Amino acid sequence: QVQLVESGGGLVQAGGSLRLSCAASEPTFDSYTVGWFRQGAGKEREFVAGIRWDADTTKYADSVEGRVTVSRDNVKNAVYLQMNSLKPEDTAVYYCAARRLGYSLGRTNDYFYWGQGTQVTVSS
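Residues numbered from 1 in each chain as written. Predicted model: local features only at pLDDT ≥ 70, side-chain atom pairs only at ≥ 80, totals over all residues. Heavy atoms only, no water.

S.K.: Which residues make up the nonpolar core, and what values go with them?
M.R.: Counting 34 residues, the largest nonpolar core has Trp-36, Leu-81 and Met-83 as the members making the most contacts within it. Only β3 (18–24), β4 (32–39), β5 (46–51), β7 (68–73), β8 (78–83), β9 (92–100) and β11 (118–123) provide two or more residues apiece to this core. Counting residues per element, this core draws most heavily on β9, at five residues. Those residues in contact with Met-83, other than ones at most four positions away along the chain, are Gly-16, Ser-17, Leu-18, Leu-20, Arg-67, Val-68, Tyr-94 and Val-120. (Core = buried A, V, L, I, M, F, W, Y, C linked by side-chain atoms within 4.5 Å. Buried < 20%, exposed > 50% of the residue type's maximum accessible area, 1.4 Å probe, protein only. Helix = DSSP H or I, 4+ residues; strand = E, 2+ residues; numbered from the N terminus. Contact = heavy atoms within 4.5 Å.)

Given below as structure tokens:
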């Protein structure tokens, strides 16, 4: 069982930045495709960004393209989500998810393991 722990959320003003981290208990995390999703109050969970296990392929939702960067550090067994130019509509609980040797990136059912989430609140 892979355990994922998100951190780095918080309260930030519009236009600010946050860096979310997803730490994994799995020592072979470099073989996992990882996605970031978010769920705002009263909304469905939606894809934000993903990075394939080989790190050669990334994917971003249109709503965050150009403002968000996903990266990974396989030495630290971690994946990061750098978010810049944050907007109030980015307010949500952010989740990381993982699947070993996953190919697809953008759907919730592309992933087996999920973290508990970290709250991001962007004030106007």
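S.K.: Residues and numbers for the sheet that holds β3, please.
M.R.: With antiparallel pairing, the four strands of this open sheet are ordered in space as β1-β3-β8-β7. Of all the strands in the sheet, the pair left with one neighbour each is β1 (4–7) and β7. On average, adjacent strands in this sheet sit at an angle of 15° to one another, irrespective of strand direction. Relative to β8, β3 runs antiparallel, the two being bridged by six bridges. Looking at the pairing, Arg-19 lines up with Gln-82 of β8. (Pairing = 2+ DSSP bridges. Axes fitted to C-alpha atoms, helices over the stretch in contact; angles between N-to-C directions.)

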